[in-house]
Amino acid sequence: LEGKAGVIVAMDPRNGELIAFASSPPFSPEAFASGISPQQWEALLSNPRHPLQNRGLQGLYPPGSVFKIVTAAAGLEEGVITKDTTLYCPGIFFLGNMGYRCWKDEGHGNIAVHRALVESCDVFFYQVAQRVGVEKLSAYAKAFGFGRRTGIDLEGEKSGIVPNAEWKRRVLGHPWYPGETISMGIGQGYVLVTPLQMANLVSALANGGVFYKPLIIKRIESVDESVRVDYQRQERGGLSISTRTKELLRAALRGVVHEDHGTGWACRIPGVHVAVKTGTAQVTQLG
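None of the values given here were measured: they were computed from a predicted structure. (Residues numbered from 1 in each chain as written. Predicted model: local features only at pLDDT ≥ 70, side-chain atom pairs only at ≥ 80, totals over all residues. Heavy atoms only, no water.)

Asker: Tell me about the overall build of the protein chain, residues and numbers included.
Answerer: Scanning the protein chain from terminus to terminus reveals eleven helices and ten strands. Here the C-alpha atoms of the protein chain give a radius of gyration of 21 Å, agreeing with the 19 Å that 2.2 N^0.38 yields for 287 residues. Its C-alpha atoms put the protein chain at 65 × 40 × 35 Å along the principal axes. For the protein chain, the proportion of its 287 residues judged to be buried stands at 43%. Entry remark: accessible area of the protein chain is about 15,100 Å², with carbon and sulfur atoms responsible for 52%. Counting 30 positive and 26 negative side-chain charges, the protein chain places the centres of these two groups 5 Å from one another. (Helix = DSSP H or I, 4+ residues; strand = E, 2+ residues; numbered from the N terminus. Rg over C-alpha atoms; globule rule 2.2 N^0.38 Å. Buried < 20%, exposed > 50% of the residue type's maximum accessible area, 1.4 Å probe, protein only. Areas by Shrake-Rupley, 256 points an atom, 1.4 Å probe, with all protein chains shown as cover. Lys, Arg positive; Asp, Glu negative; His and termini not counted. Charge placed at Lys NZ, Arg CZ, Asp CG, Glu CD.)

Printed below as a string of structure tokens:
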């Protein structure tokens, strides 16, 4: 992350322990220990890259295509698609006279949910989101841990935004439009999440469906090495979807790297088996 604005979160899915939690650009805590000058404080506050912000738990970003995990689960669990349902992707999806493009200009053709996740087909998930509807999509996003704090023992954690029609009326004073459901289906629009929530989602999928409280301290020891406090893993709910859907999602995320045309093929390392979901989203600035 040196010289970059960004964040890396790595979590052990077996217990919620944070292996890495880095936010960049950082700031030097030494300046505060000896008393920070007004000039130094102003420089930190006015820095457009916001070094005082812990991006892992305070940065709010569109989840992009990682949200397709949620859309796929909603479609499967609500029965609007099955694992064998094929939808046609010509490279663009029309809702009225509005066209919503796929990242692949020529389209993916007829495609089912496994390949749609592996190849991250936008048009497939536009159609699934339209069939599921914003209210169900919002409910499944919350079931996957979005829209609520993870409970990490650090100050200032944000809960993010999981929108629905009521949220938009209350916050923005406008009705919900069908096209906004389409965008939400691929993690764009009003939905905002923290990187820590994203790690929590993937960890729950990896471990079979358990959300753990993210742990930043394993234990506290005295100078004589006796243990004063030993922090144990804490469950914070479960992923309430069927085992069949969980296994389908896990198989698809393995395919992102290990199957031909998977969007994560560049991460392939011989002898190392991983499961991932690639995602990109446009942001106006890294705040």
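After that view, the rundown keeps rolling.
Asker: I'd like a description of the packing of helix H4 (residues 68-77) against helix H7 (residues 134-143), backed by residues and values.
Answerer: In the contact formed by H4 and H7, the axes pass within 9 Å of each other and the chain directions differ by 115°. In the packing of H4 onto H7, the handedness of the crossing is right-handed. Taking contact as the criterion, the partners of Val 70, Thr 71, Ala 73, Ala 74 and Glu 77 in H4 are, on H7, Leu 137, Tyr 140 and Ala 141. Partitioned by chemical class, the residues of the contact of H4 with H7 number six nonpolar, one polar and one charged. (Axes fitted to C-alpha atoms, helices over the stretch in contact; angles between N-to-C directions. Left-handed = near helix turned anticlockwise from the far one by under 90°. Contact = heavy atoms within 4.5 Å. Nonpolar A, V, L, I, M, F, W, Y, C, P; charged D, E, K, R; others polar.)

Asker: Account for the pairing of strand S1 (residues 6-11), with residues named and values stated.
Answerer: Side-chain positions along a regular strand alternate between the two faces of the sheet. Across six bridges, S1 lies against strand S2 (residues 18-24) in antiparallel orientation. Bridging from a neighbouring strand, Ala 10 pairs with Ala 20 of S2. In this structure, the hairpin formed by S1 and S2 is closed by a connection of six residues, where Gly 16 is found at a positive phi of approximately 85°. (Pairing = 2+ DSSP bridges.)

Asker: Go over empty space enclosed by the protein with me, naming the residues and quoting the values.
Answerer: Taken as a whole and assessed by the stated rule, the structure comprises one cavity of 30 Å³ or more. Considering only enclosed or pocket space, the largest cavity measures out at about 70 Å³ in volume. Taken together, Gly 145, Arg 148, Arg 149, Thr 150, Asn 200, Phe 211, Tyr 212, Lys 213 and Arg 236 make up the lining of the largest cavity. Here the lining of the largest cavity is built from residues that sort into two nonpolar, three polar and four charged. (1 Å grid on protein atoms, 1.4 Å probe; cavity = no way out; pocket = protein on both sides within 12 Å on 5 of 7 lines; lining within 4 Å. Points joined across faces, edges and corners; volume = space filled by probe spheres on them.)

Asker: So what about the packing of H4 against helix H6 (residues 122-132)? Which residues, and what values?
Answerer: With their axes 9 Å apart at the nearest point, H4 and H6 run at an angle of 50° to one another. It follows from the interaxial angle that H4 and H6 lie oblique. Crossing handedness for the pair H4 and H6: left-handed. When H4 is examined against H6, the residues Lys 68, Thr 71, Ala 72, Ala 74 and Gly 75 are found in contact with a partner set consisting of Asp 122, Phe 125, Val 128, Ala 129 and Val 132. Residue classes in the contact of H4 with H6 are distributed as six nonpolar, two polar and two charged. (Parallel < 35°, antiparallel > 145°, perpendicular 65-115°, else oblique.)

Asker: Please give an account of the side chain of Lys 168 that cites residues and values.
Answerer: Locating Lys 168 in the fold gives a position in helix H8 (residues 165-172). Judged by relative accessible area, which is 3%, Lys 168 ranks as buried. For Lys 168, the contacting residues outside a window of four places in its chain are Gly 173, His 174, Pro 175, Trp 176, Tyr 177, Glu 180 and Tyr 190.

Asker: Tell me about a nonpolar patch on the surface, and name the residues and values.
Answerer: On the surface, Phe 27, Phe 32, Trp 41, Leu 45 and Leu 52 cluster together into a nonpolar patch covering about 430 Å² of accessible area. Structurally, the position occupied by Trp 41 is in helix H2 (residues 38-46). When its relative accessible area of 36% is taken as the criterion, Trp 41 is described as partly exposed. (Patch = residues over 30% accessible without salt bridge, like charges linked within 9 Å, V, L, I, M, F, W, Y side chains within 5 Å. Salt bridge = Lys/Arg side-chain N within 4 Å of Asp/Glu carboxyl O.)

Asker: Residues and numbers for the layout of surface pockets, please.
Answerer: Empty space within the largest pocket amounts to approximately 830 Å³. Those elements giving two or more residues to the lining of the largest pocket turn out to be S1, helix H10 (195-207) and helix H11 (243-258). For the lining of the largest pocket, the element with the highest residue contribution is H10, accounting for seven residues. Tallied by class, residues from the lining of the largest pocket come to 23 nonpolar, six polar and three charged. Space inside the second largest pocket adds up to approximately 290 Å³. Taken together, 14 residues form the lining of the second largest pocket, with Ser 65, Trp 103, Ser 120, Asp 122 and Thr 280 sitting closest to its centre. Looking at the lining of the second largest pocket residue by residue, the classes come out as three nonpolar, nine polar and two charged.

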